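Notes for the structure review
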Amino acid sequence: MAIYSKEEAKQLLEKALSFSKADACEITLNGSESGNIRYARNSVSTAGHRSNQTMSVQSSFGKKSGVATIDEFDDASLQKVVGRSEELAQLAPENPEFMEPLGPQEYLDSKTYVEATAKINPEYRARVASDSIKPAAAKDVTAAGFLNDSAGFTAMANTNGLFAYNQSTDISFTVTMRSNDGTGSGWSSRDFNDVNKFDAAEASAVAIDKAIQSRNAKAIEPGKYTVILEPAASSQLLQNMFSAFNARTADEGRSFMSKEGGGTKLGEKIVDERVNFWSDPQHPDVPSAPWNGEGQARKKMNWLENGVVKNLAYSRYWAKEKGVEPVPTPSNGIMTGGDASLEDLIKDTKRGVLVTRLWYIRTVDPQTLLYTGLTRDGTFYIENGKIKHPVKNFRFNESPIIMLNNLEALGKQVRINGNLIPYMKVRDFTFTSLSDAV
Amino acid sequence: MKRRDFVQLAGLGAGAVMLPGQLTGNAIPVEALLAPGMDIAAKKRMADVALNTAKSFGASYADARIGRYLNQYVFTREDKVQNVTNTESFGIGIRVIANGTWGFASTNNVTEDGVKKATEQAIAIAKANAKIQSEPVKLAPVKSLGEVSWKTPLQKDFKEIPVSEKADLLLSANASAMENGANFVNSALFMVNEQKYFASTEGSYIDQDVHRIWPTFGVTAIDRSQGKFKSRQALSAPMGMGYEYMDGLSSEKVESPAGFNLFRKSYDIVEDATLAAKQAKEMLEAKSVEPGKYDLVLEPNHLGLTIHESVGHPLELDRVLGYEANYAGTSFATLDKWKSKNFQYGSDIVNLVADKTQEGSLGAVGYDDEGVACKEWDLVRNGILVNYQAIRDQVHMIDQQESHGCCYSQSWNDVQFQRMPNVSLEPGKEPYSIKEMIKDVEKGIYIAGRGSYSIDQQRYNFQFGGTVFYEIKNGEIGPMLNDVAYQSNTQEFWNSCTKICDASDYRMFGSFFDGKGQPPQISAVSHGSSTTRFNGVNVINTGRNI
C-alpha cells in the first residue's frame, strides 16, 4: 500500500531530513493507488492499476539547489537520495530567484479524502462499464468511456520546521455515446472526491439521450449567436482566462492583464458586474488541497468580484521583488451562479444555440485571450423557448473576456473537473465556420 | 502534477512550449546517465521469466518490454539557467493475451519474483476483462526475428556532452536575442534516450537504443506604450538525432524566400534566436491581414503540423474504428471511403507516405513495440486514399495480413498501442524551387513555422496559425503580416494543392510530445515535406479590440 498516514509520513520525512548536511532541505513525499477502465465499441478495451510512491528532495547551499528523487524508502535509499540532491546542488549554477524554504504554517482542514473512493476495486470498474454499455446497446447506440479513480497522499517537510500533509481521493468519468447510424453523438462527464455521489447509469443516460436527440443535425449559418453554455462548455475557456491572472507576466507587459503604458489591470472592471469568481479549498462540493507545492497555505480568495480583478497570483519571489504578500495560485475555481435550471434558461431564449461542450481549444492570440475550438457532442438550435432541432457543429473564435462581458443570465452551478461553474447564457458568441464532424 | 503546474515549475510562462504533465522517472546525477544499466543477458533472462510464466498460466501470447528511459532537460531564461533535470526510469511491462483478451501489468522490480508477480497480474486482468469482451483479439502473423538490435545513427551522444556546454549554448542564444531587441527569452533543450529491450512468445529478442533531441525557445518583444506584445517561437524541429543537430552547419541551411535561413538537419540556435528578436519587434508594427481567399505557400516546418492533424490522425485505424471515440474522436476517413478505391483525399499530385524508417526522423526505429520490423507504406497515392496505420491486432479489420509496425508505448509502465508513424508529403517530381513558386503566386501568403492549431473530432474542419507570415503580391514577397489564420476542410484543402517544390527543399517538422489515449501517452513523430502551394484558402483575421 503506497498510502502513508500522517504520522508515518512525518516519521519518514524527519528521518530523511536527519541525513541533510545542506544549508536547507525540503522533502516532498507522494503516494497513490489508481485504477482505470476504458471501453469502446460497446466492449472493454483496456484496464489498468498503478501504484506510485516518490520522495523528492531539494537541497540547497546558498542560492544553489539540486533535486533528486527516489521510490524506495529504506535508510540506505534515504541517505542516497539526500546525498545525491546535495551533490547536484553543489554543481548547480546560482539561481537568483531562489527562495528559502518556508517555516511552519497553519493550514485549513479540507475534506478531500473519502474512504469509499479508496476502496474501488476492478469489479466496481467493470460494473461502471457495464452500466454504460448495456443501456447504450439497448438503444442502438455505441458507448466509449473512461473511468479513472485514485487515492493518494502528499506530505512535505523542511529544515525550517514546516510540515504539511494531505490525503485525497478522486474519481473522474467521461463517456461518449454515438448513434449507430453515425449521425448523432452525446457526451457527459462527472468527477467527485466521493464515489457515492457518482451514478454511472445516470451519466450514461444523459449522453445516450444527447446522442439520440442530436441525430441528423441541420446546418445553420455561422455568425454571432446567443448561446447557452453548459458548464462543460465554458469551463476550459474560463480556466484559460485564469492563466492570465499572474502578476509577473502582467508586470512584465506580456499578458492580457498588462495595461497600456505600464501597470496591470488589478482593480479594474474587465467583465460584467454579475461575474464573481473565487477559490476555496474548503468548499464542500469541490474540496481541494489546502496547501501548494511550496507549502504555502491556500485559503478562500477572490479573483473577480462584481467583474473587477481583485487579485493576481504572486509567486514568493515576485512578491518579494514587488514588496507584497505572496498569493498562491488557486487549486479550484468557483463562479457564482443563479437559481435557473437549464430548462429555465432555454425557456427564456427566443433564438439561440445550446452547447454541450467545446473541444480542441487553442490560443489564437494571448494578447486578447482569443481562443478557437469547436462545439461537440450535442449542439441544438433554440427557438421561442424550445429546443427546435440539432445543428451541425461550429468552430468558434472567441475570448472569455468578451464572452463574460456579453453575459445574459447565469444558471445553476455544476461541478466540472474540480471546479464549480454555472450554466450561462451569453449573447453574440462568435461562430466562424461550420464543421461536418459528428 | 497538472500540465500547467509543470509549465510554472519550468518557469516558461507566456509564449512557452506546452509540456507533458509528467517528467517520467527519478531525478539522478548527470554522470548516472552514462551508467550501463542491466546487461543484455540479464534482460533476456527476465523477459523469459515473463514469457514462461504467461504461458504456464494459459496465455496464448505474451510480450515483455524492459525499458530504461533517460531524459535530460535544460531550461534557461534570459541570462539565467533555471533548471537542469536528469531523470531515469527503469522497469518491465508485460502484456498477455488470455481467453482472447489483452491484459497488461508493469513493475520496477525487475527480479524473477517481481516479474512473475506482474505477469500473474496481467493474466488476472485479462481473464477478468474476458467476461465482458465481445471482440476476441486476433493477431496478424509476424516473423520470428531471433536476437537483433538497432541504434539511432548518431555522431554525438548527448549524455557525453557536458551540461555546461548545453547551458552556455542556450545562454548565448538568449543573449543574442536580448541584444537584438527582445524583452524576454525562454529557451529549453530536451534530450531523450530510450533503451528498450523487447521479447515475445513469437521468438524475437530485440535490443534498441533510441535518441531524440529538441532545442526550442520563445522570444517576446513588448511595446509598453501601446500595451502590446508579440512572441516568436523557434524554427527548429525536434529530430531523431544526437547532439550533432546543434552544430549549426551552414551546409544544412536553406534560404527562405523572405531572406532568412531555415534549417534542415543541423540547427543554428544563435542565428535563429537573433532573427526571432528582430522578427518579434517587426511583428509589433506589422499590418493586420485583410481577410479573404489567398493562395498559401506553406513552408515544411509549418506544413508538417497541418499534415500531422489533417492526415496523420484521421488515418489512424483505431480512430476510424471508434476506439478513440471518447477522447480524440473518430475520423471522416471511414472504411467505405477507403474501400471505394476512389476517395479523392487530395489533388492528384498529393502522395502521402507513412514510415518508421527515415533517418533523422523522430519515428525512426528498427522494430516497433510489438516486435514488427519497421517499413514505409502509402497512405494516399495520386490523391486517392489507399491505406491506414494499423498494428498486429488491427490489420485483419482491413483485410490485411501484415502489421504496419507502428505500435508504441511511452514507457515500460504503459501499455503499447497504435501510434502515428512519420507521415510525409512526397516532394514534387519535376525540378521546382521555392523562388519559382513565389514568382507564380499573384495574391498569397507565405507561412513558416508552427502556430495555433485546432481541428474537429473527425478531422474535417481546421484552423491553423503559424510562426511568421509574409504577404505575396504579384510574384514577390512583401512585408510581414499579423493576425493570420486559415480555416479549411481537410479534403477541400488537400484538393486545393497545386504545386509542390522538389526534393532539394525537403525538410522535416516534428512533434515531440504528441498526446493520445486514456490515460494519455506521449510519442514523437516527424513529418517531411517540401514547400507546397494551396490555392484559394480562406484566411481570417484574428485581431480583436478589447
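Counting from 1, residues in each chain are numbered in the order their sequence is written. As they are written, the chains are lettered A onward and the ligands numbered 1 onward, keeping that order. With the structure being a predicted model, the display of local features is reserved for residues of pLDDT at least 70 and the display and counting of side-chain atom pairs for 80 or more, all residues being used for whole-chain, interface and lining totals.

A few words on the overall build of chain B. Scanning chain B from N- to C-terminus turns up 10 helices and 28 strands. Throughout, radius of gyration means the C-alpha value; the globule benchmark is 2.2 Å times the number of residues raised to the power 0.38. In terms of C-alpha radius of gyration, chain B reaches 24 Å, essentially the compact-globule figure of 24 Å for 546 residues. Considered along the principal axes of its C-alpha atoms, chain B spans approximately 70 × 55 × 45 Å. Expressed as a percentage of its 546 residues, the buried residues of chain B come to 58%. A run of H or I in DSSP counts as a helix once it spans at least four residues, and a run of E counts as a strand once it spans at least two, with each numbered from the N terminus. Labels follow a simple rule on C-beta atoms placed from the backbone: if 20 or more others lie within 10 Å of a residue's own, it is buried; if 12 or fewer, it is exposed; otherwise it is partly exposed.

With that settled, consider the packing of helix H4 (residues 122-138) of chain A against helix H5 (residues 200-213) of chain A. Residues and elements named next belong to chain A. Viewed as axis vectors pointing N to C, H4 and H5 meet at an angle of 35 degrees, and their least axial separation amounts to 9 Å. As H4 runs across H5, the sense of the crossing is right-handed. Counted together, Val128, Asp131, Ser132, Pro135 and Ala136 of H4 and Ala200, Ala201, Ser204, Ala205 and Ile208 of H5 form the full contact between these two elements. Note on geometry: axes are C-alpha line fits, over the in-contact stretch for helices, and angles between N-to-C directions span 0 to 180 degrees. In this scheme, a crossing is called left-handed if the near helix is turned counterclockwise away from the far one by less than a right angle; it is called right-handed if the turn is clockwise. Each residue is represented by a C-beta atom placed from its backbone, and any two residues with such atoms within 7 Å are regarded as in contact.

Let's shift gears to the environment of B:Leu235. All names here are of chain B. As for its position among the elements, Leu235 is in the loop between strand E8 (228-233) and strand E9 (253-255). C-beta crowding within 10 Å serves as the criterion here: with 27 such atoms nearby, Leu235 is assigned to the buried category. Counting along the chain gives 38 residues from Leu235 to Ala273, while the straight-line C-alpha distance between them is 9.0 Å. When near neighbours in sequence (up to four residues on either side) are disregarded, Leu235 contacts Leu262, Phe263, Asp272, Asn301, Ala448, Gly449 and Thr467.

Our focus in this paragraph is the sheet that holds strand E14 (residues 376-381) of chain B. Residues and elements named next belong to chain B. A pair of strands is treated as paired once DSSP finds two or more bridges between them. Strand order in the open sheet made by the 4 strands is E15-E14-E13-E18, with antiparallel pairing throughout. A single partner strand is all that each edge strand has here, and the edge strands are strand E15 (384-385) and strand E18 (422-425). Strand direction decides the pairing type here: strand E13 (residues 352-355) and E14, joined by 4 bridges, are antiparallel. Its bridge partner being in E14, Val353 is matched across the sheet by Asp378. Relative to E18, helix H6 (residues 300-312) is tilted by about 110 degrees, and along the sheet it contacts E13, E14 and E18.

Counting buried positions along strand E27 (residues 521-529) of chain B yields 8 of 9 residues, so the element is predominantly enclosed. Hairpin connection between strand E26 (residues 507-516) of chain B and E27(B): a loop of 4 residues separates the two successive antiparallel strands, and B:Gly517 in this loop has a positive phi of roughly 90 degrees.

On to the interface of chain A and chain B. Taken together, the contact pairs 71 residues of chain A with 53 residues of chain B. Split by residue class, the side of chain A that touches chain B holds 25 nonpolar, 31 polar and 15 charged. Any residue that is not Ala, Val, Leu, Ile, Met, Phe, Trp, Tyr, Cys, Pro, Asp, Glu, Lys or Arg is counted as polar, Gly included; the first ten are nonpolar and the last four charged.

Take the nonpolar core next. Within soluble globular proteins, side chains that are nonpolar generally end up buried alongside one another. The biggest cluster of nonpolar side chains holds 238 residues, and the ones touching the most others in it are B:Ala50, B:Ile92, B:Val96 and B:Ile445. If near-sequence neighbours (up to four positions away) are discounted, B:Ile445 is found in contact with B:Tyr294, B:Leu296, B:Phe469, B:Tyr470, B:Glu471, B:Ile472, B:Leu481, B:Val484 and B:Val539. For this entry, the nonpolar core is defined as buried Ala, Val, Leu, Ile, Met, Phe, Trp, Tyr and Cys residues connected by C-beta atoms within 7 Å. Formed by 28 residues, the second largest nonpolar core is a distinct cluster that contains A:Leu13, A:Val57, A:Ile70 and B:Ala27.

Residues and elements named next belong to chain B. Domain start and stop points were drawn from an automatic or database domain assignment. Along its sequence, chain B is carved into domain 1 (3-168 + 178-215) and domain 2 (288-541). Here the C-alpha centre of domain 2 lies 26 Å away from the C-alpha centre of domain 1. At the interface, 35 residues of domain 1 touch 27 residues of domain 2. Looking at the side of domain 1 that touches domain 2, the elements with two or more residues in it are strand E2 (61-77), strand E3 (80-98), strand E4 (101-107), strand E6 (184-200) and strand E7 (204-223). Considering every element that reaches the side of domain 1 that touches domain 2, the biggest residue donor is E7, with 6 residues. A breakdown of the residues in the side of domain 1 that touches domain 2 according to their chemical character gives 19 nonpolar, 10 polar and 6 charged.

Now for the pairing of strand E21 (residues 461-464) of chain B. All names here are of chain B. On E21, burial covers both faces: Asn461 and Gln463 on one face and Phe462 and Phe464 on the other are all buried. Across 3 bridges, the pairing between strand E20 (residues 453-455) and E21 is antiparallel. In the sheet register, Ile455 faces E21, and the bridge partner there is Phe462. From the end of E20 to the start of E21, which pair antiparallel, there are 5 residues, and Arg459 there has a positive phi angle of about 70 degrees.

Turning our attention to helix H3 (residues 112-130) of chain B. Each full turn of the α-helix corresponds to 3.6 residues, which orients residues three or four apart in the same direction. Expected helix span is computed as 1.5 Å times (number of residues minus one). Spanning 19 residues, H3(B) covers 27 Å between terminal C-alpha atoms, matching the ideal 27 Å at 1.5 Å per step. Every buried residue belonging to H3(B) is among B:Val115, B:Ala118, B:Thr119, B:Ala122, B:Ile123, B:Ile125, B:Ala126, B:Ala128 and B:Asn129, and all of these are buried. Where H3(B) is buried, its residues contact strand E2 (43-61) and H4 of chain A together with helix H2 (40-56), E3 and E4 of chain B.

Quick look at the environment of A:Lys6 now. Residues and elements named next belong to chain A. Positionally, Lys6 belongs in helix H1 (residues 6-18). Residue Lys6 is classed as partly exposed on the basis of its 14 C-beta neighbours within 10 Å. C-alpha of Lys6 to C-alpha of Val275: the two residues are 269 residues apart in sequence and 39 Å apart in space.

What follows is about the packing of H2(B) against H3(B). Pairs of packed helices are described in terms of their axes, by the angle between the two and the distance that separates them. Residue and element names in this part refer to chain B. One can describe the packing of H2 onto H3 by two numbers: an axis separation of 9 Å at closest approach and a directional angle of 35 degrees. The handedness of the crossing between H2 and H3 comes out as right-handed. Along the contact surface, H2 presents Met46, Val49, Ala50, Thr53 and Ala54, while H3 presents Glu112, Val115, Lys116, Thr119, Glu120 and Ile123. Here the contact of H2 with H3 is built from residues that sort into 6 nonpolar, 2 polar and 3 charged.

Okay, the sheet that holds strand E3 (residues 64-70) of chain A next. The strands that make up a sheet are held in pairs by hydrogen bonds between backbone atoms, and each pair lies either parallel or antiparallel. Residue and element names in this part refer to chain A. Strand order in this open sheet of 6 strands is E3-E2-E1-E4-E5-E6, and the pairing throughout is antiparallel. At either margin of the open sheet sits one strand with a lone partner, and together these are E3 and strand E6 (185-192). Between one strand axis and the next, the sheet turns through 15 degrees on average, direction left out of account. Relative to strand E5 (residues 163-179), strand E4 (residues 141-158) runs antiparallel, the two being bridged by 17 bridges. Along E5, the bridge assignment pairs Met156 with Ala164. The strands touched by H1 are strand E1 (24-40), E2, E4 and E5; relative to E1, the strand with the most contacts, the crossing angle is about 135 degrees. The strands touched by helix H2 (residues 75-91) are E2 and E3; relative to E3, the strand with the most contacts, the crossing angle is about 150 degrees.

On to the confidence of the model for chain B. All names here are of chain B. A residue's pLDDT is the predictor's confidence in that residue, given on a scale from 0 to 100. Residues of chain B with pLDDT of at least 70 account for 96%, and the chain-wide mean is 93. Low pLDDT, under 50, characterises residues 1-23; the predicted model gives this stretch 41 contacts beyond four residues in sequence or across chains. Scoring of the predicted complex yields 0.94 for pTM and 0.93 for ipTM.

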